[in-house]
Amino acid sequence: MTEPLLTIRNLSAAYGMASVLFDVSLEARRGEVVALMGRNGAGKTTTLKAIIGMVEAKAEALSFSGHDIRKLPSYRIARLGLGYVPEERRIFTDLTVQENLDVGRRPARDGREAWTLERLCAIFPNLAEMEGRRASAMSGGEQQMLTIARTLMGNPDMVLLDEPSEGLAPVIVEQMAEAVVAMKATGIAVLLCEQNLHFAAAVSDRAYVIEKGAIRFSGTMVELEANDEVREAYLTV
Amino acid sequence: MDLSFVIIQSLSGLASASSLFIIASGLTIVFGVTRIVNFAHGSLYMLGGYLGVTIVPLLLDVDRSLPMFLLGVLISALIVGAVGALMEILLLRRIYHVPELFQLLATFGVVLIVQDLVIKVWGAVEIPGPRAPSLRHGVFILDQRFPAYELFLIAAGLVVLAGLWLLMQKTRFGVLIRAATQDREMVAALGVNQAWLFTGTLFLGAFLAGLGGALQIPRVAINTQMDISIITEVFVVTVIGGMGSVPGAFIAALIIGQLQAFGILIFPKITLVLVFLLMAVVLVIKPWGLFGKPDASAGRAILPEGILSLKRFGTVDNLVAGVAIAVLLALPVFGDNYMIKVGIEVLVLALAAFSLHFLIGVGGIVSFGHAAYFGIGAYAAGLLVTRLGFAMEPALILAPLIAGAFAALFGYFIVRLSGIYLAMLTLAFAQIVYAVCFQWVDLTGGDNGVVGVWPSGWATSRQVYFYLVLAFTLSAIIALRHAIYTPFGYALRAARDSATRADAIGIDVRRIRWFAFTLSGAAAGLAGGLYSFSKGSIDPTMISIPMSVDFLVMVLLGGIQTVMGPLVGAAAFHSIKDFFMPLTDFWRMFLGASIILMVLVFPRGIAGAASLLTDRFKPNPKPLGLPA
């Protein structure tokens, strides 16, 4: 078997004196959608931020695409093909939709087809004919689509996707699920943070469950759905 | 006023607005992206002027034409741009993560270094620049003569505005700058190398400062005071416009240009005051300026790291304090006149530094204009004695009261703000006081100040005056220190740590800060009053920005985390200054380099570094929270 695309071994992180992650280990292979499930404050977002280099962390191993990314600054990690879509979306509201996409634009690696506005609009029809609009004038769902589209403009091999379903209308959540499936179809791996089991189950191959900063379960999505004990203990509110 | 006069006046207002905008746009762009208020922006402007008067004449010797003049201006601006880029690589890059106060201080260190370098290279005498060929004549507008070069400047401002608009809207660099102004962390996560972006931004900002400076050469003789005088004006423009906003800088520059052009007709002496008043009013109505947004990086501390440690005195501390006081009491008996003089100055400065520390460390209010209250105290005492014939005793009692009254007046506005805007407003008020003392020559003696501020007969001997100063400063310091441990002090510290939470439990944050500001101002005023009698004179340097910076350096040198830090800092700083200043022509360069070094190496001050060292020998505390 080939080496995983993303490997995390014993990752720990702290905000000042308060430790929030304890020996988190997980991996994702090329083209795989992996869900990281857990309640609010379980450590999902911190895990993603630690991977992308926004939070200081210690790890036995943290590698992406064969590169050790532990000491790399965010932009170098992003350039290796690891995209990050933050929970708060963080789109540039002063910029137009087109300009937001331009900030994310990076050349495609090894001869793959680059993402264009047309290809993005096929996944996110709402973005069509919006290029000139200011991002601040978009609805929450549209902003969520834009933030994913912006990351795709960097032609990543993998996307860290933080709670894309949060706070959105059911019909938009469905579009998000379709978008994740479409990304997977183009060969992009996804590490998906979610609380919404239905959403995660619809798109993911495997799942990890995190609680109080430590991984409590790992297995296929089917196994997680079948495991009432884990779901009761760590996922239901 | 007839129409033609009004038009000419507003045109000349437009010309100065144009220059102001060119310079201010650079500062505001740099702030937007890096979140650093670059004090050295004025130095870059000055450098542009000096390079202009050096390079432009050389080119005019080749060919006396307007294109050559413009080429010279452009080359000067490009060189300044390169200096800015260098400054980013060597200094700013290392301080993006330090608190705002340190960033301000570090860039002020650059100001000091550039001042001495400029004197070294170009001398202290002002240098008149060449006129611009083909623009030396006057243009007649409604029968009034108006200099062609001023019209050219108006056009230059518009060209810069258009150029910046194109750059910002139509280039990838511009889009990235705008994106980074909003969220630089996200920009990095999208794969943009910030180092390159920041260096480019500094190049652009410095280029604009240099351009503004080089364009001034036909209008003003280039001199070594240009940096500070422009930087305060440019601060005002960017703060009124909203920091980070280019359109805001443009509108604010227009307003200020007109205010100055017409204000000078009505209040010729106090145009500067008008400008600062405008700023104060705008900030009270719109705390982020006309076009500014609440700080995108809100929550980032303006304070140096670490919370003030308020351990009460232990046996060792009591012993140290006891020995220190014994030494002080014995000083006039055993010390010579020089030592007594230095002792008086150290005591006075220690009180001033302690009062500033009370604001910063305890109150979380970072004042960049604390010299104002020190200066008001000094001037109040000095003027009461020399102009109104008061004796020393009532003057010394009134000095802190008057300084406190002004602190209450200014503080009313200041405590409404936070972060970098608050620091800018304290600076602005300090500059108002400075401007008044500098310009109201009849009362204050202007630049020369007033001499003959002597103590009463019984206190004329150095020894006696030393004991007087000791009694006053020691009681004031003890009183202030005591206030930290009163309910008022607790409320103030609660407000410092979280204004919203303090507010939620019923603390009137503004009122408590206002009171702290007033108290601190009064204490600084007492120090100022004592200082003026020890000097026998008053002069505007007591209110100047360098004085405010000296106080800040004393506080930070001692370390913000300890109550006694400012006293150690004041003693160390003043002794070093008194020892080295006569030995070197490059005191400012030395001080500037030391400030930068301090920010880079000892961000927690001497006392902080010492406590860090002792902590190292203690077992490491375990992080909180364990896996379940």
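Residues numbered from 1 in each chain as written. Chains lettered and ligands numbered in written order. Predicted model: local features only at pLDDT ≥ 70, side-chain atom pairs only at ≥ 80, totals over all residues. Heavy atoms only, no water.

A. Geometry of the pattern of salt bridges. One pass over the full model with this rule turns up 24 salt bridges over all chains. A salt bridge links A:Arg109 to A:Asp157; the nearest nitrogen and oxygen atoms lie 3.8 Å apart. Highlighted residues: A:Arg109 in the loop between α3 (97-104) and α4 (117-123) and A:Asp157 in the loop between α5 (140-152) and β8 (158-162), separated in sequence by 48 residues. A salt bridge links B:Lys341 to B:Glu345, with the nearest nitrogen and oxygen atoms 3.4 Å apart. You can see B:Lys341 and its partner B:Glu345 sitting in helix α13 (residues 337-362), four residues apart, about one turn around the helix. On the basis of relative accessibility, which here comes to 6%, the residue B:Glu345 falls in the buried class. A cluster of three or more residues bridged by salt bridges with shared partners is formed by A:Glu88, A:Arg90, B:Asp183 and B:Glu185. (Salt bridge = Lys/Arg side-chain N within 4 Å of Asp/Glu carboxyl O. Helix = DSSP H or I, 4+ residues; strand = E, 2+ residues; numbered from the N terminus. Buried < 20%, exposed > 50% of the residue type's maximum accessible area, 1.4 Å probe, protein only.)

B. Representation of helix α8 (residues 194-214) of chain B in the model. Residues and elements named next belong to chain B. Helix length check: α8 (21 residues) gives 29 Å between terminal C-alpha atoms against 30 Å at 1.5 Å per residue, within 8%. The buried fraction of α8 amounts to 18 of the 21 residues, a majority that puts the element mostly inside the structure. Structurally, the start of α8 carries an N-cap: the backbone nitrogen of Ala195 is 3.1 Å from a side-chain oxygen of Asn193. (Expected span 1.5 Å × (residues − 1). Polar contact = N/O pair within 3.5 Å; in protein donor to acceptor, adjacent residues only side chain to side chain.)

C. Layout of the interface of chain A and chain B. Contact with chain A, which involves 28 residues of that partner, is made by 26 residues of chain B. Roughly 2400 Å² is buried in total at the junction of chain A and chain B, and carbon and sulfur atoms are behind 56% of that figure. One can count three salt bridges joining chain A with chain B. Across the salt bridge formed by A:Arg90 and B:Glu185, the nearest N and O atoms sit 2.7 Å from each other. Remark: the boundary between chain A and chain B carries 10 residue pairs in polar contact (both at pLDDT 80 or more). Listing elements by their share of the side of chain A that touches chain B, those giving two or more residues are β2 (18-28), α2 (74-79), α3 and α5 of chain A. (Contact = heavy atoms within 4.5 Å. Buried area = accessible area lost by both parts, 1.4 Å probe.)

D. Here's a closer look at a positive patch on the surface. Residue and element names in this part refer to chain B. Taken together, the side chains of Arg64, Arg131, Arg136 and Arg145 make up a positively charged region of the molecular surface. For Arg136, the location among the structural elements is in the loop between α4 (100-122) and β1 (138-141). Exposure remark for Arg136: the relative accessible area of 45% places this residue in the partly exposed category. (Patch = residues over 30% accessible without salt bridge, like charges linked within 9 Å, V, L, I, M, F, W, Y side chains within 5 Å. Areas by Shrake-Rupley, 256 points an atom, 1.4 Å probe, with all protein chains shown as cover. Lys, Arg positive; Asp, Glu negative; His and termini not counted. Charge placed at Lys NZ, Arg CZ, Asp CG, Glu CD.)

E. Representation of helix α16 (residues 419-439) of chain B. With 21 residues, α16(B) extends 30 Å from end C-alpha to end C-alpha; this agrees with the ideal 30 Å at 1.5 Å per step. Within α16(B), 16 of the 21 residues are buried, which leaves the element mostly enclosed by the surrounding structure.

F. Layout of a nonpolar patch on the surface. Residue and element names in this part refer to chain B. A cluster of nonpolar side chains, contributed by Ile325, Leu329, Val333, Phe334 and Tyr467, occupies part of the molecular surface with about 510 Å² of accessible area. Among the elements that take part in the nonpolar patch, helix α12 (residues 315-334) stands out by supplying four residues, more than any other. Positionally, Val333 belongs in helix α12. For Val333, a relative accessible area of 58% translates into the label exposed.

G. Region of the structure containing the pairing of strand β3 (residues 33-37) of chain A. All names here are of chain A. With five of its five residues buried, β3 lies for the most part within the structure. Of the two faces of β3, the one carrying Val33, Ala35 and Met37 and the one carrying Val34 and Leu36 are both buried. Direction of pairing for β3 relative to strand β9 (residues 189-194): parallel, over a ladder of five bridges. Along β9, the bridge assignment pairs Leu36 with Cys193. As paired strands, β3 and strand β10 (residues 206-211) are joined by four bridges and run parallel to one another. Residue Met37 lies in a different strand from β10, and its bridge partner there is Val209. (Pairing = 2+ DSSP bridges.)

H. Representation of the packing of helix α1 (residues 3-34) of chain B against α8(B). Residues and elements named next belong to chain B. Relative orientation of the contacting elements α1 and α8 amounts to 165°, with a least axis distance of 7 Å. As judged from the angle between their axes, α1 and α8 are roughly antiparallel. Relative to α8, the crossing made by α1 is left-handed. Only Phe198, Thr201, Leu202, Leu204, Gly205, Leu208, Ala209, Leu211 and Gly212 of α8 make contact with α1, whose side of the interface consists of Ile22, Ile23, Ser25, Gly26, Ile29, Val30, Val33 and Thr34. Partitioning the contact of α1 with α8 into residue classes produces 11 nonpolar, six polar and no charged. (Axes fitted to C-alpha atoms, helices over the stretch in contact; angles between N-to-C directions. Parallel < 35°, antiparallel > 145°, perpendicular 65-115°, else oblique. Left-handed = near helix turned anticlockwise from the far one by under 90°. Nonpolar A, V, L, I, M, F, W, Y, C, P; charged D, E, K, R; others polar.)

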